[in-house]
Amino acid sequence: MSGPSEQRVRVVIADDHEAVRSGVAAILATDPAIEIVGEAENGFDALALCVRETPDVILLDLRMPGTDGIWATERITAETDTRVLVLTTYDSDDLIAQALAAGASGYLLKSTRGPDLVRAVHHVAERRHVIDPAVTGGIIARLNASSGVEAPVASPALDRCRLTGREAQVLDLLAAGLSNQAIADHLHIGLTTVKTHVGALYAKTGTGSRVELARLGSERGGRRDA
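Residues numbered from 1 in each chain as written. Predicted model: local features only at pLDDT ≥ 70, side-chain atom pairs only at ≥ 80, totals over all residues. Heavy atoms only, no water.

Novice: Quick question: what am I supposed to make of the overall build of the protein here?
Specialist: Along its length, the protein carries 10 helices and 6 strands. Out of the 226 residues in the protein, the part that is buried amounts to 48%. A separation of at least 24 residues holds for 66% of the contacts in the protein among residues at least 6 apart in sequence. If you sum the accessible surface of the protein, you get close to 10,300 Å²; carbon and sulfur atoms cover 50% of it. (Helix = DSSP H or I, 4+ residues; strand = E, 2+ residues; numbered from the N terminus. Buried < 20%, exposed > 50% of the residue type's maximum accessible area, 1.4 Å probe, protein only. Contact = heavy atoms within 4.5 Å. Areas by Shrake-Rupley, 256 points an atom, 1.4 Å probe, with all protein chains shown as cover.)

Take a look at the structure:
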């Protein structure tokens, strides 16, 4: 990942452990371009903070009392423009898939080094996607297993990515400029399913934005038509 940008990023930290919130805040405070605008200890308070403070990014744990991080991710991405960066100890493939399907822009483990966490916050604020390398292989394998496709070796080159048939369809429609909802309507599948496929495309291609994915899809279409 590239270094942090100069744009100021407003951040909320949501975790049910005060010590974790304090530790994360201390790490982010090393970057003067990041401003902590609030802390929450459960998903409901996290949503309320995002509505009230309109932060650019929320660092969100998945396991919290009452309303958990998956619920909070769905509501935050539906009701605000805040980008969700999951920060958790859980590396379960099921949880990762649920978080991405709910709209999370990133998934990091709490073992992430401080400088990498700072960079991830900036990347997510720039509308890029970040997935911890420690969990990327597992989620790709899980997605491919459901389609009977051999798991690929992660590579930014589309030529080396083994896309499922549905992923290829989603990529083609994304390249045509369709929104996630429009893709869901066109393929007669659920919106959360589209988000899961888009998350898999980010992981497989190594791209960091929807624009980059669309460019790759256009290039793929050009080669196919040549």
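Novice: How do you make sense of the packing of helix α8 (residues 180-187) against helix α9 (residues 191-205) when you look at a structure like this?
Specialist: If you want to describe how two helices pack, look at the angle between their axes and the distance between the axes. Two numbers describe how α8 lies on α9: the axes approach to 9 Å, and their chain directions differ by 110°. Considered as vectors, α8 and α9 are oriented roughly perpendicular to each other. The two elements α8 and α9 meet at a crossing, and its hand is right-handed. Along its contact with α8, which presents N180, Q181, I183 and A184, the element α9 presents L191, V194, K195 and V198. A breakdown of the residues in the contact of α8 with α9 according to their chemical character gives 5 nonpolar, 2 polar and 1 charged. (Axes fitted to C-alpha atoms, helices over the stretch in contact; angles between N-to-C directions. Parallel < 35°, antiparallel > 145°, perpendicular 65-115°, else oblique. Left-handed = near helix turned anticlockwise from the far one by under 90°. Nonpolar A, V, L, I, M, F, W, Y, C, P; charged D, E, K, R; others polar.)

Novice: So what exactly am I meant to see when it comes to helix α4 (residues 93-102) here?
Specialist: Residue pairs three or four apart in sequence face the same way in an α-helix, which turns once every 3.6 residues. Within α4, 7 of the 10 residues are buried, which leaves the element mostly enclosed by the surrounding structure. By the burial criterion, the buried members of α4 are L95, I96, A97, A99, L100, A101 and A102. Of the residues one or two after α4, G103 is the one with positive phi, at around 115°.

Novice: What is the right way to look at helix α3 (residues 69-79) in this model?
Specialist: Burial in α3 covers these residues: G69, I70, A72, T73 and I76. Buried residues of α3 fall within an arc of 160° about the axis and therefore sit on the same side. Looking at the buried positions of α3, the neighbouring elements they touch are α2 (43-53), β3 (57-60), β4 (83-88) and α4. (Arc of directions from axis to C-beta.)

Novice: Please clarify how the packing of helix α1 (residues 18-28) against helix α5 (residues 114-125) should be interpreted in this entry.
Specialist: Their axes nearest at 9 Å, the elements α1 and α5 cross at an angle of 80°. With respect to each other, α1 and α5 are oriented roughly perpendicular. In this structure, α1 contributes V24, I27 and L28 to the contact, and α5 contributes G114, L117, V118 and V121. Of the residues that constitute the contact of α1 with α5, the class distribution is 6 nonpolar, 1 polar and no charged.

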